[in-house]
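# Summary of structural features
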Amino acid sequence: MKINLISDTVTKPTPAMLKAMYSAEVGDDVFNDDPTVNALQAKAADMFGKEAALFCPSGTMTNQIAIKCHTQPLDEVICDHFSHIFQYEVGGYAFNSGVAINLISGTNGKITKDQIEAAIKPNYDWLPRTRLVVLENTANKGGGSYYTLEEVRPIRQMCLDRGLALHLDGARLFNALVETGENTLDWGSMFDSISICLSKGLGAPVGSLLIGNQDFIAKARRYRKVMGGGMRQAGYLAAAGIFALENHVGRLREDNLRARNLGETLRQQNWVSNVRPVQTNIVIFDLAPPFTAADFLKKFEEKGVLATAFGPATVRFVTHLDFTEEMMSRVVEVIEKLKF
Ligand SMILES: *Cc1c(COP(=O)(O)O)cnc(C)c1O
């Protein structure tokens, strides 16, 4: 049994999802003429109470387009130092948008209204102009931690007062919402734009959505095109996205629960020095010295379990749709028997 905990992006479409893809009605989406893409976009916009949405090949693209739409060159983006837009998007904020980044050291990838407000730059010719705040929910490098609406509300109000746009990198937003019970409409009302990934825990093979108001999405469409993201019969992929939103949201609770249980098992091992709080489907833990992530991954792989290094002595597990209860039992057994 091969078990892959590298990421929740490793899932393959289920037979039912493939069937939905196979029977999708398609057209040419560059001409706005793919009915399944249009249906997915309308569905996502409705879920968040926004006017429009845009289907893109990746979450990197939806985030990059959002930054591009919200800023001008010489502006600045405020985010946590763990943010995906800073860590894992090839420095695209500088390349695509010509903006600076102003990093905040938050807690497990989360930042507060006071931290953000203190980071806003005064208006001088020689400083970048603070223009955009990006929150990440759940916070990936933050160990899957999540914000509650109560935490976001003051940030939203401050951004309105200070004339800043607010974007949500919600790659794994639904992993948070199944825990808090909060709804997409309330989350939609907090942000100028939202990115969600269909290709993570939701189990679609490809795709992310950028959600916002009409003018914003009209602009975003042009940037998607110039980035090479205009796709033709993309309805086959959009059908997987619709299927995922209709069938794979509630079950994210199982992924979160398995991750919490993995965290508990790891905490009991003397070769683990620290497990970050597990709030959703990501488990990040540090190995007790002198063990390294490379040692651990090698031993783990010998037992048929794949994971990823998140630092020299830090390892990340991500649970997902293709990680079954049987696999869970096997991983717990491997952890409990592991000897260094
Ligand atoms: C995965 C991820 C993205 C987008 O990644 P792609 O691989 O480009 O789809 C964006 N933000 C976060 C927090 C992510 O985890």
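Residues numbered from 1 in each chain as written. Predicted model: local features only at pLDDT ≥ 70, side-chain atom pairs only at ≥ 80, totals over all residues. Heavy atoms only, no water.

### Quick look at the sheet that holds strand β7 (residues 193–197)
What the seven strands build is an open sheet, ordered β2-β8-β7-β6-β5-β3-β4; its pairing is mixed. Single-partner strands in this sheet number two, and they are β2 (52–56) and β4 (100–104). Going across the sheet, the axis of each strand differs from the next one's by a mean of 20°, ignoring polarity. Both β7 and strand β8 (residues 208–212) contribute to a ladder of four bridges, which runs antiparallel. Looking at the pairing, S195 lines up with L210 of β8. (Pairing = 2+ DSSP bridges. Helix = DSSP H or I, 4+ residues; strand = E, 2+ residues; numbered from the N terminus. Axes fitted to C-alpha atoms, helices over the stretch in contact; angles between N-to-C directions.)

### Some points on the sheet that holds strand β13 (residues 314–318)
Read from one edge of the open sheet, four strands run β9-β10-β13-β12, paired in antiparallel fashion. Looking at which strands have only one partner, the edges of the open sheet turn out to be β9 (272–275) and β12 (308–311). Across this sheet, the average inter-strand angle for adjacent strands is 35°, counted without regard to direction. Running at roughly 15° to strand β10 (residues 282–287), helix α12 (residues 252–267) makes contact with β9, β10 and β13 of the sheet. (Contact = heavy atoms within 4.5 Å.)

### A word on empty space enclosed by the protein
The gaps left among the atoms become clear once a water-sized probe is rolled over them. Applying the stated criterion across every chain yields a total of two cavities of 30 Å³ or more. In this structure, the largest cavity spans a volume of roughly 50 Å³. G170, A171, R172, L173, F174, N175, I196, C197, K200, G201, L202 and L252 are the residues that line the largest cavity. Broken down by secondary-structure element, the contributors of at least two residues to the lining of the largest cavity are α8 (173–180) and β7. When residues of the lining of the largest cavity are assigned to their parent elements, the largest contribution, three residues, is made by α8. Residue composition of the lining of the largest cavity, grouped by class: seven nonpolar, three polar and two charged. Here the second largest cavity is characterised by a volume of approximately 30 Å³. Lining the second largest cavity are D80, F82, S83, G109, E136, A139, N140, K141 and G142. Residue composition of the lining of the second largest cavity, by class: two nonpolar, four polar and three charged. (1 Å grid on protein atoms, 1.4 Å probe; cavity = no way out; pocket = protein on both sides within 12 Å on 5 of 7 lines; lining within 4 Å. Points joined across faces, edges and corners; volume = space filled by probe spheres on them. Nonpolar A, V, L, I, M, F, W, Y, C, P; charged D, E, K, R; others polar.)

### Looking at the site of the ligand
Near the ligand lie 13 residues; those nearest to it are G59, T60, D169, R172 and K200. Between an oxygen atom of the ligand and a side-chain N or O atom of T60, the distance comes to 2.5 Å. Residue D169 places a side-chain N or O atom 2.6 Å away from a nitrogen atom belonging to the ligand. Notes on the ligand: free accessible area 380 Å², of which the protein chains cover 85%. (Near = heavy atom within 4 Å. Polar contact = N/O pair within 3.5 Å; in protein donor to acceptor, adjacent residues only side chain to side chain. Areas by Shrake-Rupley, 256 points an atom, 1.4 Å probe, with all protein chains shown as cover.)

### Some points on helix α3 (residues 59–70)
Its 12 residues place the ends of α3 16 Å apart at the C-alpha level, agreeing with the 16 Å of an ideal helix rising 1.5 Å per residue. Burial within α3 is extensive, with 10 of its 12 residues counted as buried. Every buried residue of α3 is listed here: G59, M61, T62, N63, Q64, I65, A66, I67, C69 and H70. Its side-chain oxygen 3.4 Å from the backbone nitrogen of T60, S58 forms the N-cap of α3. (Expected span 1.5 Å × (residues − 1). Buried < 20%, exposed > 50% of the residue type's maximum accessible area, 1.4 Å probe, protein only.)

### A short note on the domain arrangement of the protein
According to the domain assignment, the protein contains domain 1 (15–247) and domain 2 (251–337). One C-alpha centre belongs to domain 1, the other to domain 2, and the line joining them spans 28 Å. Each side of the interface is counted separately: domain 1 has 20 residues, and domain 2 has 15 residues. Taken together, both faces of the contact between domain 1 and domain 2 bury some 1,600 Å²; the carbon and sulfur share is 50%. (Domains from an automatic or database assignment. Buried area = accessible area lost by both parts, 1.4 Å probe.)

### Some remarks on the nonpolar core
Ranked by size, the top nonpolar core spans 50 residues in total, and within it F55, I116, L135, F174, W187 and F191 carry the most contacts. With six residues, the single largest contributor to this core is helix α11 (residues 235–247). Judged by nonpolar contacts, the second largest core, of 28 residues, contains W271, A307, V331 and L338. (Core = buried A, V, L, I, M, F, W, Y, C linked by side-chain atoms within 4.5 Å.)

### What about the packing of aromatic side chains?
Summed over the entire model, instances satisfying the criterion amount to 10 aromatic pairs. Centre to centre, the rings of W271 and F296 are 5.7 Å apart; their planes meet at 40°, and the pair counts as tilted. Of this pair, W271 sits in the loop between α12 and β9 while F296 sits in helix α13 (residues 293–302); the two residues are 25 residues apart in sequence, bridging distant segments of the chain. According to the relative accessible area criterion, W271 is buried, its value standing at 4%. Positioned over the ring face of Y147 is K110, at 5.6 Å from the centre of the ring. The ring of F310 is capped by K141, whose NZ or CZ atom sits 5.1 Å from the centre of that ring. (Phe/Tyr/Trp six-rings, centres within 6.5 Å; stacked < 30°, edge-to-face > 60°. Lys NZ or Arg CZ within 6 Å of the ring centre and 35° of its normal.)

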